[in-house]
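# Summary of the model geometry
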Amino acid sequence: MVKVLTIGEVLVEIVATTRGNGFLEAQPLVGPFPSGAPAIFIDQVGKMGTACAIVSRVGDDDFGQVNIRRLAADGVDVSGIEIAPGESTGSAFVRYREDGSRAFVYNIRHSACGKLRPTPASGALIDSCTHLHVMGSAFSAPELGAMVMDAAQRIKARGGTISFDPNLRPELLNAPGMREALDVVLAMTDLFMPSGEELFLFDPARDEAAVIASLLGRGIRTVVVKRGALGASLFQQGLRLDAAPLPVDEVDPTGAGDTFGGAFLSLWLAGAEPSQALDLANAAGARAVTRLGPMEGTSTRAELNALLSERKG
């Protein structure tokens with residue numbers, strides 16, 4: 001049976017209800033919302049009915065329970081989430097600026113998930129899973145990066161598959177060992193899902209067609225480029241498909257790319273037709289932005305079908 005694993009941060013997001021630049025003055029807030037890019041991604045996988053799990057670490061506090069309960073309710077195996085007594089769950093305070101950009105105050109590195117290490121439970125999950133979803137940002141933390149690399153090599157060696165979302169800010173590329181680690185992961189990758197300019201991280205050419213050809217030539221089976229408000233594109237050998245953006249009223253874009261990725265991977269692993277997988281994932285990303293809170297807009301297959309039917313009707 002297919003079972004998807006991801007490894008990384010679980011945190012809560014708390015959002016200012018006013019717009020402006022940062023938190024230099026007291027602001028009314030709403031939350032906590034379950035969050036963390038790997039957690040959002042795997043929640044969407046679970047919502048699609050695909051067996052899945054996450055390895056992470058939270059504090060023995062309400063914020064940790066908010067995440068564990070949400071993930072478990074949506075079908076995610078949470079046995080790999082370690083609860084750390086006396087420590088705090090990670091958090092992100094978010095305020096939107098007038099232009100739609102965001103200002104963040106993070107507590108991740110010094111939170112419980114910042115001390116994520118291998119455990120017997122995480123080892124058992126790696127042995128039970130057939131697919132690993134890698135987020136490149138994991139390699140900005142050496143211990144986390146080592147866990148992800150070990151899991152990728154073990155799952156791939158057993159004939160499993162790897163999906164890879166760079167999920168990187170450009171400044172992280174200069175971290176020691178970052179590019180080397182990403183190159184190793186890319187060489188194992190079956191499904192590559194960059195967002196926008198991330199497509200060019202591993203190739204100096206700025207020609208999209210040339211970069212896609214190079215990636216497919218490395219043995220990657222499918223490349224999906226997430227273009228945000230411009231939709232998405234899928235590439236396989238001899239195939240290109242484009243999904244136009246779905247018009248929706250945007251409330252909160254945080255997590256839309258992770259939601260897209262979780263929906264697409266579930267369908268890809270199930271052998272769905274490429275056009276169907278792309279359209280439903282595109283709908284997942286669109287629906288995600290209509291809810292406040294990064295995990296509030298994850299969707300079931302029925303909800304995605306309903307959205308597409310409504311737009312086509």
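Read on for a plain summary of the structure. This structure is a prediction, so every number in the text was calculated from the model and none was measured.

All right, on to the overall build of the protein then. The helix and strand inventory of the protein stands at nine helices and 14 strands. A compact globule built from 313 residues should have a C-alpha radius of gyration of about 20 Å, and the protein, at 18 Å, falls within 12% of that. Principal-axis analysis of the C-alpha atoms gives the protein an extent of 55 × 45 × 40 Å. The proportion of buried residues among the 313 residues of the protein is 52%. When contacts within the protein are restricted to residue pairs at least 6 apart in sequence, those whose partners lie at least 24 apart make up 72%. Distance from the positive charge centre (28 side chains) to the negative charge centre (36 side chains) of the protein: 2 Å.

So, on to the sheet that holds strand β8 (residues 102–107). One open sheet holds the four strands; their spatial order is β3-β2-β7-β8, and the pairing between them is mixed. Edge positions in the sheet fall to β3 (29–35) and β8, since each has one partner strand and no second. Each strand axis lies, on average, 20 degrees off the axis of its neighbour in the sheet, ignoring direction. Here six bridges tie strand β7 (residues 90–96) to β8, and the two strands are oriented antiparallel to one another. In the strand pairing of β8, Phe-93 is matched with Val-105. Across the face of the sheet, helix α2 (residues 62–73) comes into contact with β2 (11–16) and β3 while running at roughly 55 degrees to β3.

Parameters at a glance
Residues numbered from 1 in each chain as written. Predicted model: local features only at pLDDT ≥ 70, side-chain atom pairs only at ≥ 80, totals over all residues. Heavy atoms only, no water. Helix = DSSP H or I, 4+ residues; strand = E, 2+ residues; numbered from the N terminus. Rg over C-alpha atoms; globule rule 2.2 N^0.38 Å. Buried < 20%, exposed > 50% of the residue type's maximum accessible area, 1.4 Å probe, protein only. Contact = heavy atoms within 4.5 Å. Lys, Arg positive; Asp, Glu negative; His and termini not counted. Charge placed at Lys NZ, Arg CZ, Asp CG, Glu CD. Pairing = 2+ DSSP bridges. Axes fitted to C-alpha atoms, helices over the stretch in contact; angles between N-to-C directions.

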